[in-house]
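# Report on the structure
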Amino acid sequence: KRAALVDELLASDEFGKNWARYWRDVIMYRRNDQRALIAAGALERHLTECLNENKAWDDVATEFITASGEVRENGATGLIMAQLGRPEDTVAEISRIFLGVQIQCAQCHDHPTDRWSREQFHELAAFFPRVAVRPRNNDGPRSFAVVADDGPAFRRPNGNNRFRGTPEHYMPDLDDPQARGTRMQPVFFVTGEKLPLGTKDERRRDTLAEWITAKDNPWFATAFVNRMWSELVGEGFYEPVDDMGPDRDPTAPQTVEYLATQFAQHDYDVKWLFATITATDAYQRASQSRRNHNETPFAHNCSQRLRADQLYEAIFQALGVRQPQDIRGGGYGNSSPRAQFSLLFGYDPSDPRDEVDGSIAQALALMNSPQINALISASPYTPLGRLLRSTPDNEDVVVELYLRCHGREPSDRELAHCLQYVKSTGDRNEAFEDIRWALINSTDFLYRS
């Protein structure tokens, strides 16, 4: 039954939509300019399509690394747009997201805790000097395009904008910041494979994508496996999920190696990996609070705070009402209700979950929101009002509200407490409004279990 349900969920459109929003946040939360948000809607739509079609993860990664075109139209440009085409920032994110290696720590000096050198970082940046992000002047909304510039190029005096690329990448001279620096050859730090100076942009990025996604490069498969295991089980083999590498020791090394190897052998089949992880005992165990460092890993599933999009969806599902229609743009980076909710409740999904805390502003928004309080009302034409009229038994109403809000039936203690509250209040409508309000504002509602 569990396997059949998993297959049904993997085949639903909501699968791609949910995980597209996860990866959208992975990419956009570490943007270096707010203008990047204009690409968020196209990025989400692109990822939704890729994931629902079960496009192989190496193909998805290749599209991001080699993308060009209008950022509002081609969602694969979202990663480059998030960094405004700056070679150093772009390759740092490519390494972090697709390899789980934070090589950016070697940009100004040799990596303090890993083996990567400053030269290796700038050799990686040398795959991207000819990429530019240019404003598009047209009759529609303001936009940008990712372009490859293999012709004569110049760098604008304002280094914050790369409207044209440069033929080659130069590692700055730390002793003389005004000097041009050392010209760097494109070299992939994982394997030492290299391309000659003067190589065209298309070949540079195509080759880098090929080397990153190669089945003999274990970090590509491991990075994806580690992230998805962490999201589903609540704890990654490597923590933080984007800080792996040969100088890090994973929890359960044989398990992560097996999953990564099988993921590659299954041609980076994303849905295969989800089906495999959800079939494990580690995923199926009851949820508990996050363990202490000296306790046994994976002894239970870890409760995790819902992402902003998930919480937004959960509120409307629990209240039994239809969501406001998102404007084009994916409900992110615009003025839609979902976007405003994400600004308040969003967090970087790459951050360790024990560092993701709620805030007073979030608590006040749920407690005092006029919109939510109006939907909680038991007036005749609201979902709660209709439920109370159609269900005379108070115990049945309590059970229904728990199922809608917490996805489970109440415990005996919770049920008795709610029924006593209804009896003591003397006003059935008011009592159940308070109970629903309490369920929406509970810690259980904010976490997936």
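As a reminder, the structure under discussion sits directly above these lines.
The text that follows walks through the structure, step by step, so that each part is easy to find. (Residues numbered from 1 in each chain as written. Predicted model: local features only at pLDDT ≥ 70, side-chain atom pairs only at ≥ 80, totals over all residues. Heavy atoms only, no water.)

### Side note on the packing of helix 6 (residues 87-99) against helix 9 (residues 218-233)
Convention followed: Fitted lines through C-alpha atoms give the axes, limited to the stretch in contact for helices. The angle between two N-to-C directions lies from 0 to 180 degrees. Where helices and strands are cited, they refer to DSSP runs of H or I of at least four residues and of E of at least two residues respectively, numbered from the N terminus. Put simply, angles under 35 degrees are roughly parallel, angles over 145 are roughly antiparallel, angles from 65 to 115 are roughly perpendicular, and the rest are oblique. Note on definitions: a residue-residue contact is assigned when non-hydrogen atoms from the two residues lie within 4.5 Å. As a working rule, the residues Ala, Val, Leu, Ile, Met, Phe, Trp, Tyr, Cys and Pro are called nonpolar, Asp, Glu, Lys and Arg charged, and the rest polar, with Gly in that last group.
At a minimum axis distance of 7 Å, the contact between helix 6 and helix 9 shows a crossing angle of 70 degrees. Between helix 6 and helix 9, the angle is such that the two are roughly perpendicular. Contact with helix 6, carried on its side by Arg96, Ile97, Phe98 and Leu99, involves Trp219, Phe220, Ala223 and Arg227 of helix 9 and no other residues of that element. Across the contact of helix 6 with helix 9, the residue classes break down as 6 nonpolar, no polar and 2 charged.

### Comments concerning the layout of surface pockets
This is how the line gets drawn: With a 1 Å grid laid over protein atoms only, a set of points is called a cavity when a 1.4 Å probe fits there but cannot get out and a pocket when it is open yet has protein on both sides within 12 Å along at least five of seven lines; lining residues have an atom within 4 Å of a point. Grid points are joined across faces, edges and corners, and a volume is the space filled by probe spheres set on the points.
Empty space within the largest pocket amounts to approximately 1700 Å³. Lining the largest pocket are 47 residues, and of these Tyr283, Leu306, Gln310, Arg448 and Ser449 sit closest to its centre. Partitioned by chemical class, the residues of the lining of the largest pocket number 18 nonpolar, 14 polar and 15 charged.

### Side note on the pairing of strand 3 (residues 143-148)
How we decide: Following DSSP output, two strands are said to pair if at least two bridges run between them.
Of the strand pairs in this sheet, strand 1 (residues 69-70) and strand 3 are connected by 2 bridges, and their pairing is antiparallel. Paired with Gly69 across the two strands is Val146, which belongs to strand 3. Examined bridge by bridge, strand 2 (residues 131-136) and strand 3 share 6 bridges and lie antiparallel to one another. Looking at the pairing, Val133 lines up with Val146 of strand 3. Hairpin connection of strand 2 to strand 3: 6 residues between the antiparallel strands.

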